[in-house]
Amino acid sequence: MTSRATQLDHLRAFVAGDERAFESLFREHQREVYGWIVRIVRDPTAAEDLTIDTFWRIYRSRARFDPSRSFGAWARRVAVNVAFDHLKRSGRDRSRLTPIEDAGLAAAPDPDRDAQRSIVRAFVHLPATLRVTAQLALVDERPYQEIAELLGVSLGAVKSRVFRATRLLRRELAEWRQPR
Amino acid sequence: MNDREWQTMIKNAVDSERFPELDRDLWPRMQMRLAARRPSPSAWDLLLLAAIVLLSVAFPNVLLNMLYHL
């Protein structure tokens, strides 16, 4: 039996509700899923909780998964949407900096570092829809078509969001760009 | 600064913050979530089960009659 056939059997077992198959998929993909999420939410503790939420959603909707398709791609779509929902829920806390950024603010003044911090600060203040799209398009450099599929929106919506995010960031940072 | 340079600057700034990789297995937490959400029998289910057991012990024929009529 080929490894592809073994994998297919494994995915079929997962779809049928086999918890061992799910455990195996969980252990295989948990680090990858966590990595995708932490880059979007920028909070390691929240990312761990959201990784669990992602796999919980995956487990609950396993019956809708087609075993002939890529589990990784499906998991990524669920993870991005879980992270996106988290950003929407925590939108009111966007003014809060991550511990890493907080530590940086206490450091000695450094123009390059200040510029980086200004960009990161403006970035985390973007509305959730723009922030997730900008993260995937500008930072992770994923193709627009893939982003559209991940977020379940049209290609035009992705382009529009990237444009709006860039314009907002430019506006936010215009002050910093002015000669002092 | 053109769009491309601008986007490179955003990427470099946002990417400069590195987050630690996941250094532990989250499966035990996942198992707890699975166990917590697994439906447990309600008090009525348990009461009904107890009644059936008592009935079948006290009046074994009743159970046989019920099975016959099913």
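Here, the structure is the one placed above.
Since the structure is predicted, the reported quantities are computational estimates derived from the model, not experimental observations.

## What to know about the overall build of chain A
Right, so step 1: Along the backbone of chain A there are nine helices and zero strands.
Right, so step 2: Sequence-ordered secondary structure for chain A, helices as α and strands as β, is α-α-α-α-α-α-α-α-α.
Right, so step 3: Among the 180 residues that make up chain A, the fraction classed as buried is 31%.
Right, so step 4: Put simply, of all contacts in chain A between residues at least 6 apart along the chain, 63% involve residues at least 24 apart.

## Considerations on the packing of helix α7 (residues 128-139) of chain A against helix α8 (residues 144-151) of chain A
All names here are of chain A.
Right, so step 1: Close contact between α7 and α8 brings their axes to 10 Å; oriented N to C, the two are set at 150 degrees. In terms of orientation, α7 and α8 fall into the roughly antiparallel class. Here α7 and α8 pass one another in a crossing that is right-handed. Here T133, L136 and A137 of α7 come into contact with α8, specifically with Y144, I147, L150 and L151.

## Brief notes about unusual backbone geometry
In most cases, non-glycine residues show a negative phi, while peptide bonds are predominantly trans.
Right, so step 1: Positive phi, close to 60 degrees, is recorded for R42 of chain A, a residue that is not glycine.
Right, so step 2: As for its position among the elements, R42 of chain A is in the loop between α2 (19-41) and α3 (44-60).

Rules of the game
- Residues numbered from 1 in each chain as written.
- Chains lettered and ligands numbered in written order.
- Predicted model: local features only at pLDDT ≥ 70, side-chain atom pairs only at ≥ 80, totals over all residues.
- Helix = DSSP H or I, 4+ residues; strand = E, 2+ residues; numbered from the N terminus.
- Buried ≥ 20, exposed ≤ 12 C-beta atoms within 10 Å, placed from the backbone.
- Contact = placed C-beta atoms within 7 Å.
- Axes fitted to C-alpha atoms, helices over the stretch in contact; angles between N-to-C directions.
- Parallel < 35°, antiparallel > 145°, perpendicular 65-115°, else oblique.
- Left-handed = near helix turned anticlockwise from the far one by under 90°.

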